[in-house]
Amino acid sequence: MDSAISDPHNGSAEAGGPTNGTTRPPSTPEGIALAYGSLLLMALLPIFFGALRSVRCARGKNASDMPETITSRDAARFPIIASCTLLGLYLFFKIFSQEYINLLLSMYFFVLGILALSHTISPFMNKFFPASFPNRQYQLLFTQGSGENKEEIVNYEFDTKDLVCLGLSSIVGVWYLLRKHWIANNLFGLAFSLNGVELLHLNNVSTGCILLGGLFIYDVFWVFGTNVMVTVAKSFEAPIKLVFPQDLLEKGLEADNFAMLGLGDIVIPGIFIALLLRFDISLKKNTHTYFYTSFAAYIFGLGLTIFIMHIFKHAQPALLYLVPACIGFPVLVALAKGEVTEMFSYESSAEILPHTPRLTHFPTVSGSPASLADSMQQKLAGPRRRRPQNPSAIYEESNPKDPAAVTESKEGTEASASKGLEKKEK
């Protein structure tokens, strides 16, 4: 997981540019400002739109678009898994040929990128299809086993409009596969980021703090403690980072002196910001205070990262500045508004399936155990229908200890029965 921001300007070759001993010409201040501003803008777009789409995703009923909920256990294990993955990639690049590894990774991300980009542009493209467009429904179903042991592996529903989006995304995929152009890389990177913010949901604020705190340590260690992350970022030819050339004004679209921002610096804070947007909506106050506060905190943190990177001319772990800002600013607002308890008790997973019946409040009970038991028995006996019984049986139940009354009841019943027979005979 790449989550460092790098600035390969003024002669350094930190982002995978030419390293044949030649020195790059220094980037102009205008080119550097354009690169930094573009990276900041590209980072904000998937967070903003991904957070909005995460709300619709949580309320949706389509099983294929159901979000993946991150629990506190997942959050605690994530930095360890990310560290093992990062170290494994580093060792692979040291042991095996970088060319063959990147070829396999390119094919893998070629498929993933097409699917992610198609899912991203589908809502926008639907607005351009005319009403008379012949839209047919399709289903891709893969099962394993037979009979009662049959198990679904893939069950994906799509339509003709999705196929059109898939075709357009395939054009970008072929462009990336053949040229590795930075624009195609960024299109895939933005699609991955937006899908991550939309479909990865934290279940509560505490889980978000655990995840961001763990990755805070992860980012600082692998950037400042070793050269592992920067080495993998330079060697890894895959759309796991956003790049923008600092020499665009001099070389145009063929520029190759890139500043880069890892997707981890977008997705990880982004899913926390999206959680705060859903929390804002749950308060039902028609305000998005915590969302806008955390969004402004992200701008502040990333801007501070870029400033310090530019001053010290060294790659910076962006989460070092983003995590305190994205957690600290909303918590301070909650303290000022007296809503800290509500913030940390909010459960996002309870809203994933709003159409599913669930207990929304607990009934209040009072009284002695005996009175509660009597009231429950009355409620249980109320809606029941009793079987029709003859008068003698009812009288027996009401006076079971009076033999004379029982005898009189039987004689009266026999007399009434004999009178009925006599009338029929007549």
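From a predicted model like this one, the values you see are computed outputs, not experimental measurements.

Chemist: Please explain the overall build of the protein chain as it appears in this structure.
Modeler: A tally of helices and strands in the protein chain yields 15 helices and eight strands. Within the protein chain, buried positions represent 40% of all 426 residues. Of all intrachain contacts in the protein chain linking residues separated by at least 6 positions in sequence, the fraction that spans at least 24 positions is 75%. Of the roughly 24,300 Å² that the protein chain leaves accessible, carbon and sulfur atoms contribute 63%.

Chemist: Before we go on, may I ask you to explain the packing of helix 3 (residues 98-125) against helix 4 (residues 160-179) in this structure?
Modeler: To describe two helices that pack against each other, one gives the angle between their axes and the distance between the axes. Viewed as axis vectors pointing N to C, helix 3 and helix 4 meet at an angle of 140°, and their least axial separation amounts to 8 Å. If you check the angle between helix 3 and helix 4, you find them oblique. In this structure, helix 3 meets helix 4 at a crossing whose hand is right-handed. For the pair helix 3 and helix 4, contact is made by Ser 106, Met 107, Phe 110, Ile 114, Leu 115, Leu 117, Ser 118, Ile 121, Ser 122 and Met 125 and by Asp 162, Cys 165, Leu 166, Leu 168, Ser 169, Ser 170, Val 172, Gly 173, Val 174 and Leu 177, respectively.

Chemist: Sorry if this is basic, but what is going on with the nonpolar core here?
Modeler: The nonpolar side chains of a soluble globular protein tend to be buried, and buried together. Core analysis: the largest hydrophobic core is formed by 82 residues, its most contacted members being Phe 236, Ile 266 and Tyr 298. For this core, the element with the most residues is helix 9 (residues 264-283), which contributes 11 residues. In this structure, Phe 236 is in contact with Leu 89, Phe 93, Asn 102, Leu 105, Phe 109 and Lys 241, ignoring residues within four places of it in sequence.

Chemist: In this structure, what is going on with the packing of aromatic side chains? I would like to understand it.
Modeler: Both the distance between ring centres and the angle between the ring planes are used here to describe each pair of aromatic rings. Within this structure, the stated rule accounts for 18 aromatic pairs. Counting every residue linked through ring pairs, the aromatic cluster contains Phe 48, Phe 49, Phe 291, Tyr 292 and Phe 295. The ring of Tyr 176 is capped by Lys 180, whose NZ or CZ atom sits 5.2 Å from the centre of that ring.

Chemist: Any chance you could explain the UniProt feature "transmembrane region" (unreviewed entry) in the protein chain here in plain terms?
Modeler: As annotated by UniProt and renumbered to match this structure, "transmembrane region" (unreviewed entry) occupies residues 33-55, 75-93, 100-121, 199-224, 258-277, 289-312 and 318-336. The distance from the first to the last C-alpha atom of residues 33-55 is 34 Å, and the span holds 100% helix and 0% strand.

Chemist: What's the story with the environment of Glu 99 in this structure? I'm lost.
Modeler: Looking at the secondary structure, you find Glu 99 in helix 3. What makes Glu 99 exposed here is its relative accessible area of 60%. Considering only alpha carbons, one finds Glu 99 and Glu 237, 138 residues apart in sequence, at a separation of 9.4 Å.

Chemist: Can you walk me through a nonpolar patch on the surface in this structure?
Modeler: Among the surface-exposed residues, Phe 300, Leu 304, Phe 307, Ile 311, Phe 312 and Phe 329 lie close enough to one another that they form a single nonpolar patch of about 610 Å² accessible area. Within the fold, Phe 300 resides in helix 10 (residues 289-312). Exposure remark for Phe 300: the relative accessible area of 47% places this residue in the partly exposed category.

Chemist: Would you mind showing me how to read unusual backbone geometry here?
Modeler: Excluding glycine, residues mostly carry a negative phi; peptide bonds, for their part, are mostly trans. Residues other than glycine seldom take positive phi values, yet Asn 286 does so here, at roughly 60°. Structurally, Asn 286 can be placed in the loop between helix 9 and helix 10. Positive phi values are uncommon outside glycine, yet Lys 313 reaches one of about 55°. Looking at the element boundaries, Lys 313 is found in the loop between helix 10 and strand 8 (316-317).

Chemist: Teacher, can you tell me more about the side chain of Ser 118 here?
Modeler: Within the element layout of this structure, Ser 118 appears in helix 3. Judged by its relative accessible area of 8%, Ser 118 falls in the buried class. Setting aside its immediate chain neighbours within four residues, Ser 118 contacts Asp 162, Cys 165, Leu 166 and Ser 169.

Chemist: Is there a simple way to think about the pairing of strand 3 (residues 137-144) in this case?
Modeler: In summary, the side chains of a regular strand alternate between the two faces of the sheet. By the bridge criterion, eight bridges tie strand 3 to strand 4 (residues 151-159) in an arrangement that is antiparallel. Residue pairing for strand 4: Gln 144 is matched across the bridge by Glu 151. Taking the residues that link successive antiparallel strands as the turn, the strand 3-strand 4 hairpin has six residues, and the phi of Gly 145 there is positive, at about 85°.

Chemist: Could you clarify how one ought to interpret the pattern of salt bridges in this entry?
Modeler: Close approach of charged atoms allows side chains with opposite charge to pair. Summed over all chains, the structure comprises six salt bridges. Arg 77 is the salt-bridge partner of Asp 74, the closest N and O atoms lying 3.2 Å from each other. Of this pair, Asp 74 and Arg 77 both sit in helix 2 (residues 72-95), three residues apart, roughly one helical turn. Between Arg 179 and Glu 254 there is a salt bridge, with the nearest N and O atoms lying 3.9 Å from each other. Here Arg 179 is found in helix 4, whereas its partner Glu 254 is found in the loop between helix 8 (248-251) and strand 7 (258-262), with 75 residues between them in sequence. Look at Glu 254 and you get exposed, because its relative accessible area is 54%. Because the salt bridges share partners, they merge into one network encompassing Asp 247, Lys 251 and Asp 256.

Chemist: What is the right way to read the confidence of the model for the protein chain from this model?
Modeler: Close inspection of predicted coordinates is inappropriate for parts of the model with low pLDDT. Across the protein chain, the average pLDDT comes to 79, with 74% of residues at or above 70. Scored below 50 in pLDDT, residues 391-399 shows eight contacts in the model against residues more than four places distant or in partner chains. Confidence drops under pLDDT 50 across residues 401-410; counting only partners more than four residues distant or on other chains, this segment forms six contacts.

Chemist: Is there a simple way to explain the environment of Ile 308 in this structure?
Modeler: Inspection of the secondary structure puts Ile 308 in helix 10. For Ile 308, a relative accessible area of 16% gives the class buried. The contact partners of Ile 308, leaving out residues within four places of it in the chain, are Gln 316 and Tyr 321.

Chemist: When you look at helix 2 in this model, what are you seeing that I'm missing?
Modeler: Side chains that are three or four residues apart share a direction in an α-helix, a result of its 3.6 residues per turn. The first and last C-alpha atoms of helix 2 sit 35 Å apart over 24 residues, in line with the 34 Å expected at 1.5 Å per residue. Considering bend angle alone, the principal kink of helix 2 is centred on Phe 78 and spans about 35°; proline Pro 79 follows within four residues of it. Among the residues of helix 2, those classed as buried are Ala 75, Pro 79, Ala 82, Ser 83, Leu 86, Tyr 90 and Phe 93.

Cut-offs and rules
In this convention, every chain numbers its residues from 1, walking through the sequence in written order. In keeping with the predicted nature of the model, local features appear solely for residues at pLDDT of at least 70, side-chain atom pairs appear and are counted solely at 80 or more, and the whole-chain, interface and lining totals rest on all residues. Computation of side-chain values covers all heavy atoms of the structure but excludes hydrogens and water. A run of H or I in DSSP counts as a helix once it spans at least four residues, and a run of E counts as a strand once it spans at least two, with each numbered from the N terminus. Burial classes follow relative accessibility: with a 1.4 Å probe on protein chains only, a residue under 20% of its type's maximum area counts as buried, one over 50% as exposed, and anything between as partly exposed. Here, residues are in contact when the closest pair of their heavy atoms is within 4.5 Å. Methods summary: accessible areas were calculated by the Shrake-Rupley approach with a probe of 1.4 Å, and residue burial reflects only the protein chains presented. To obtain each axis, a line is fitted to C-alpha atoms, and for helices this fit is confined to the stretch in contact; angles are then taken between N-to-C directions over 0 to 180 degrees. Small angles under 35 degrees read as roughly parallel and large ones over 145 as roughly antiparallel, with 65 to 115 read as roughly perpendicular and the rest as oblique. The crossing is said to be left-handed when, going from far helix to near helix, the turn is anticlockwise and less than a right angle, and right-handed when the turn is clockwise. Nonpolar cores are built from buried Ala, Val, Leu, Ile, Met, Phe, Trp, Tyr and Cys residues. Side-chain atoms within 4.5 Å join them into one set. Any Phe, Tyr or Trp ring, taking Trp's six-membered ring, that has another such ring centre within 6.5 Å forms a pair; planes under 30 degrees apart are called stacked, those over 60 apart edge-to-face, and the others tilted. Either the NZ atom of lysine or the CZ atom of arginine qualifies as a charge over a ring when it sits within 6 Å of the ring centre and within 35 degrees of the ring normal. UniProt positions are given in the numbering used here, feature names are shortened, and annotations may be inferred rather than shown by experiment. A patch is a set of surface residues, each over 30% in relative accessible area and not in a salt bridge, joined within 9 Å for like charges and within 5 Å for the nonpolar side chains Val, Leu, Ile, Met, Phe, Trp and Tyr. When a carboxyl oxygen of Asp or Glu is within 4 Å of a side-chain nitrogen of Lys or Arg, the pair counts as a salt bridge. When DSSP finds two or more bridges between a pair of strands, those strands are recorded as paired. Each residue carries a pLDDT score, the predictor's confidence in it, ranging from 0 to 100. What a helix is expected to span follows from its residue count: subtract one and scale by 1.5 Å. The angle separating two fitted axes, one through the seven residues that finish at a residue and one through the seven that start at it, defines the bend at that residue.

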